[in-house]
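Structure at a glance
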Amino acid sequence: MSGPSSKQTKLDEVEMQKAFEVIGDVQNEIDRLNEQASEEILQVEQKYNKLRQPNYKKRSDLISKIPSFWISVFLNHPQLSGCLDQNDENILQYLKRVDVEEHEDIKSGYRIKFTFDTNPYFENDLIVKEYSVSESSETQCKATPIRWKNGAKNGQSGSSRKTDGDNSTSMSRKRSHDHENENEHGAFMGWFADTAGESGNDEFGEVIKDDIFVNPLQYYLAATTNDEEEGSGGENEEEEDAEANEDDKE
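Fair warning: this is a prediction, and the values are worked out from it, not measured in the lab. (Residues numbered from 1 in each chain as written. Predicted model: local features only at pLDDT ≥ 70, side-chain atom pairs only at ≥ 80, totals over all residues. Heavy atoms only, no water.)

**Quick look at the overall build of the chain**
Secondary structure assignment for the chain yields seven helices and four strands. Out of the 250 residues belonging to the chain, those deemed buried represent 34%. Long-range contacts, defined as pairs at least 24 residues apart, comprise 66% of the intrachain contacts of the chain with a sequence gap of at least 6. For the chain, the accessible surface area stands at approximately 15800 Å², while carbon and sulfur atoms represent 48% of it. (Helix = DSSP H or I, 4+ residues; strand = E, 2+ residues; numbered from the N terminus. Buried < 20%, exposed > 50% of the residue type's maximum accessible area, 1.4 Å probe, protein only. Contact = heavy atoms within 4.5 Å. Areas by Shrake-Rupley, 256 points an atom, 1.4 Å probe, with all protein chains shown as cover.)

**Describing the layout of surface pockets**
Quantified by volume, the largest pocket comes out at close to 270 Å³. Along its surface, the largest pocket is lined by 15 residues, and Y110, Y131, T139, C141 and D202 are the ones closest to its centre. A per-element tally of the lining of the largest pocket places strand β3 (residues 126–133) first, with three residues. Taken together, the residues of the lining of the largest pocket break down into six nonpolar, five polar and four charged. (1 Å grid on protein atoms, 1.4 Å probe; cavity = no way out; pocket = protein on both sides within 12 Å on 5 of 7 lines; lining within 4 Å. Points joined across faces, edges and corners; volume = space filled by probe spheres on them. Nonpolar A, V, L, I, M, F, W, Y, C, P; charged D, E, K, R; others polar.)

**Here's the deal with the sheet that holds strand β2 (residues 109–116)**
Ordered in space as β1-β2-β3-β4, the four strands form an open sheet in which the pairing is antiparallel. Pairing within the sheet leaves two strands with one partner each, and these edge strands are β1 (95–102) and β4 (139–143). If you compare each strand with its neighbour and ignore which way they point, the axes differ by 10 degrees on average. With seven bridges connecting them, β1 and β2 associate as antiparallel partners. Within β2, the residue paired with V98 across the bridge is F114. Its contacts with the sheet put helix α6 (residues 203–212) on β1, β2 and β3, and the angle it makes with β2 is roughly 90 degrees. (Pairing = 2+ DSSP bridges. Axes fitted to C-alpha atoms, helices over the stretch in contact; angles between N-to-C directions.)

This is the structure we're talking about:
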C-alpha cells in the first residue's frame, strides 16, 4: 500500500521542481521587462523635463515680479511652516526667485537655485544647493558659501522690509514664534548650509523640489483663501449680532 503513495510523492516533487524552474524563468522575463520599462520611462521623463523648461522660466520671471511671493508660499506650506521662525521670515522676505534644475539624466541629482534681492544679511544674490547621486546610490551635497554681512546676527539687522502685497501676514499672525531654531540664522539657512545632513531638516530639499516647485501658486493663494474665510466669518458674526439686537428690541 505504501509503494504507490511513495511513488506519487516523488512524482509531485519532480513536477514541483520543474515548476520552480519555469517560475524562475518567467520571473527573469518580468524583471527584464521592468528594467526595460524603467529605461523607457526615464527617457520620457528626460524628454518632458526639457519641454517644461521654457514654461518654468516664464513662470519664474512672472513670479519674481510679485512682492513677497515665496515667503508666502513657504509660510503657507503645511510641512515647512512649522519649521520656520522669525529669523527665517526676516531673510526669506527678500527671496524673489526659486528654480529647480534636474541633472540632464534626471536620476543623478538636481540643484535648487535661490535668488535674493539686495538685503542687509548677506552679499550673495544667488545661492545654489545641489544634490548628486553616485552610481553606488550615495547622495552627496554641496552649497554656495554664504557671505554674511557684518552685524547680520540671529537673522536680525538694523532694517527690515515690509512690501506691498505681502501675502504672508495672515500666516505670520497665526504662527507662534516662541520656537527658536538652533541655527542663528533660522531653519532655512541652517538647512541650506548643512551639506552633511546634520540640521534635521533634510526634507526641505525634497519638499521644495517635488511639491512646492511643482505648483507654488496653490500655496501662495492659500493665504488669500484663509483671509477671505476669516473676513466672511467676521461678517456673519456681525450679521448675527445685528439680528439678535433687532430681536431684543422687539
